[in-house]
Amino acid sequence: MTIAAAPETAAAEICPHCNKAPALCVCEGIAKLDNRVGLLILQHPQEQDKGLGTARLTALHFNNAVFKIGLSWPSLTKALGRQADPKAWAVLYLGSAKPADFPDRAEIAVLDKSGAPVPHQNSALSEIEGIILLDGTWSQAKTLWWRNAWMLKCKRVALAPRRPSLYGKLRKEPRKEALSTLESAGLLISRLERRADFEAALLKTFARMLGKYTEAKKAAPARPA
Ligand SMILES: [Zn+2]
């Protein structure tokens, strides 16, 4: 997908790339990252967060990324649109991982089926060919998990981020404790590929988006974002 500069549009129009109103669009200035570890973002159809949502924006950053909206797919290969081995892909775990158990204060851990870190983290991490992120509220993400049985074959990764989400107070419960989809992807792919520049590029876009969001709120406080 190519990213065109945001065209001059009427306020009611929506950017075809990020699906946001022009006041919130930050597509202009995004340079594609050449990621080796693949990214698959599955968004629940009822995900409504058009203002602060980051799923499409995240996928727009990467050459090797697929964004899909839906409830279920018969296999990872069908969801991705190309052949893939679910055992080599990792889904971001929704359960409560215990960061205290993460080896060496790592920010990412591969977990076993019971939610405990597996013994050989480095080799488990190096086997990961792609990351699956479930986008939506916590319960929507849970639904996606249960509707896609093939995810049981995938590895599970959990995050213990050292810094809190840039969302800060902008986003309310039930997700205030969690990183955005963009931040999760940035942390995972940059650590797996040892490319700190990937995360920096994503966070820069995210900060621009949050800045625009705050400006738009000030300009039209009554309008729902
Ligand atoms: Zn846009």
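Further up the page is the structure itself.
This one's a predicted model, so the numbers in the text were calculated from it and none came from an experiment. Position numbers for residues start from 1 in each chain and track the written sequence from start to end. For a predicted model such as this one, the threshold for reporting local features is a pLDDT of at least 70, and the threshold for listing and counting side-chain atom pairs is 80 or more; totals across whole chains, interfaces and linings nevertheless cover every residue. Side-chain measures here rest on the full set of heavy atoms in the structure, leaving out hydrogens and waters.

Draft legend 1. Broad picture of the overall build of the protein chain. Looking only at helices and strands, the protein chain has six helices and six strands in total. We count a stretch as a helix when DSSP gives it H or I for four or more residues in a row; a strand needs E for two or more, and each element gets its number in order from the N terminus. Ordering the α and β elements of the protein chain from the N terminus gives β-α-β-α-β-β-α-β-α-β-α-α. Think of it in three bands: with a 1.4 Å probe and only protein chains considered, a residue is buried below 20% of the maximum accessible area for its type, exposed above 50%, and partly exposed in between. Out of the 225 residues in the protein chain, the part that is buried amounts to 47%. It only takes one pair of heavy atoms within 4.5 Å for two residues to be counted as in contact. Partitioning the intrachain contacts of the protein chain with sequence separation of at least 6 by distance along the chain shows that 73% fall at a separation of at least 24.

Draft legend 2. Region of interest: helix α6 (residues 196–219). Expected span of a helix: the number of residues minus one, times 1.5 Å. Given a rise of 1.5 Å per residue, 24 residues ought to cover 34 Å, and the 35 Å separating the end C-alpha atoms of α6 matches this to within 8%. Every buried residue belonging to α6 is among Phe198, Glu199, Leu202, Leu203, Thr205, Phe206, Met209, Leu210, Tyr213 and Ala216, and all of these are buried. Contacts made by the buried residues of α6 are with α1 (55–60) and α5 (181–193).

Draft legend 3. Region of the structure containing the coordination of the zinc ion. Within the protein, Cys15 (SG), Cys18 (SG), Cys25 (SG) and Cys27 (SG) serve as the donor atoms for the zinc ion, at 2.3 to 2.4 Å. Distances up to 2.8 Å from the metal define which N, O and S atoms are donors, and 3.2 Å serves for Na, K and Ca; water is absent from the atom set, so sites may look incomplete. In short, tetrahedral needs four donors with all angles between 85 and 135 degrees, square planar needs four and octahedral six donors with opposite donors over 155 degrees apart and all other angles between 65 and 115, and whatever is left is irregular. Taken together, the four donor atoms coordinating the zinc ion and their angles of 107 to 116° define a geometry best described as tetrahedral. Mapped onto the sequence, the donors of the zinc ion take the spacing C-x2-C-x6-C-x1-C. Of this pair, Cys15 sits in the segment before β1 (38–43) while Cys27 sits in the segment before β1, and the two are twelve residues apart along the sequence.

Draft legend 4. Quick look at the pairing of strand β3 (residues 89–92). Residue alternation in β3 divides its side chains into two sets, Trp89 and Val91 and Ala90 and Leu92, and both sets are buried. Pairing between strands is defined by DSSP: at least two bridges between the two strands are required. Judged from the three bridges that link them, β3 and strand β6 (residues 155–159) form a sheet pairing that is parallel. Looking across to β6, one finds that Leu92 is bridged to Val157.

Draft legend 5. Representation of the side chain of Thr205. Its place among the elements puts Thr205 in helix α6. Any pair of nitrogen or oxygen atoms within 3.5 Å is treated as a polar contact; in protein, a donor-acceptor pairing is required on top of that, and neighbouring residues in sequence qualify only through side-chain atoms on both sides. In this structure the side chain of Thr205 is engaged in a polar contact, spanning 2.7 Å, whose partner is the side chain of His61. Beyond its immediate stretch of four places on either side in the chain, Thr205 contacts Val26, Ile30, Leu57 and His61.

Draft legend 6. Spotlight on the environment of Ile69. Assignment of secondary structure puts Ile69 in strand β2 (residues 65–69). Residues Ile69 and Gln46, 23 residues apart in the sequence, show an inter-C-alpha distance of 9.3 Å. Once residues within four sequence positions are removed from consideration, Ile69 is found in contact with Gln43, Pro45 and Arg56.

Draft legend 7. Molecular detail of the pattern of salt bridges. Definition used for salt bridges: Asp or Glu carboxyl oxygen within 4 Å of a side-chain nitrogen of Lys or Arg. The final tally for this structure, using the stated rule, is eight salt bridges. Here Arg162 and Glu107 are joined by a salt bridge, their closest N and O atoms 3.6 Å apart. Remark: Glu107 occurs in the loop between β3 and β4 (108–111) and Arg162 occurs in the loop between β6 and α5; sequence separation between them is 55 residues. For Glu107, a relative accessible area of 11% gives the class buried. Among the salt bridges present, the one from Arg191 reaches Glu107, with a minimum N-O distance of 2.6 Å. One end of the pair, Arg191, is in helix α5; the other, Glu107, is in the loop between β3 and β4, and 84 residues separate them in sequence. The partly exposed category is assigned to Arg191, whose relative accessible area is 31%. Counted as one network, the salt bridges with shared partners bring together Glu107, Arg162, Arg163, Arg191 and Glu199.

Draft legend 8. Local environment of the packing of aromatic side chains. Each Phe, Tyr or Trp ring, with Trp reduced to its six-membered ring, pairs with another whose centre is within 6.5 Å; inter-plane angles below 30 degrees give stacked pairs, above 60 give edge-to-face pairs, and intermediate values give tilted ones. As enumerated under the stated definition, the model contains three aromatic pairs in all. Both rings, one in Tyr167 and one in Phe206, keep their centres 5.1 Å apart while their planes meet at 80°; by these two values the pair is edge-to-face. Here Tyr167, found in the loop between β6 and α5, pairs with Phe206, found in helix α6; they are 39 residues apart in sequence, far enough to count as distant. One exposure class covers both Tyr167 and Phe206, and it is buried.

Draft legend 9. View of α5. Over its 13 residues, α5 extends 18 Å from the first C-alpha to the last, a length consistent with the 18 Å expected when each residue adds 1.5 Å. In terms of burial, α5 is a largely internal element, twelve of the 13 residues being buried. Of the positions making up α5, those classed as buried are Thr181, Leu182, Glu183, Ser184, Ala185, Gly186, Leu187, Leu188, Ile189, Ser190, Leu192 and Glu193. Positioned one or two residues after α5, Arg194 has a phi angle of 50°, which is positive.

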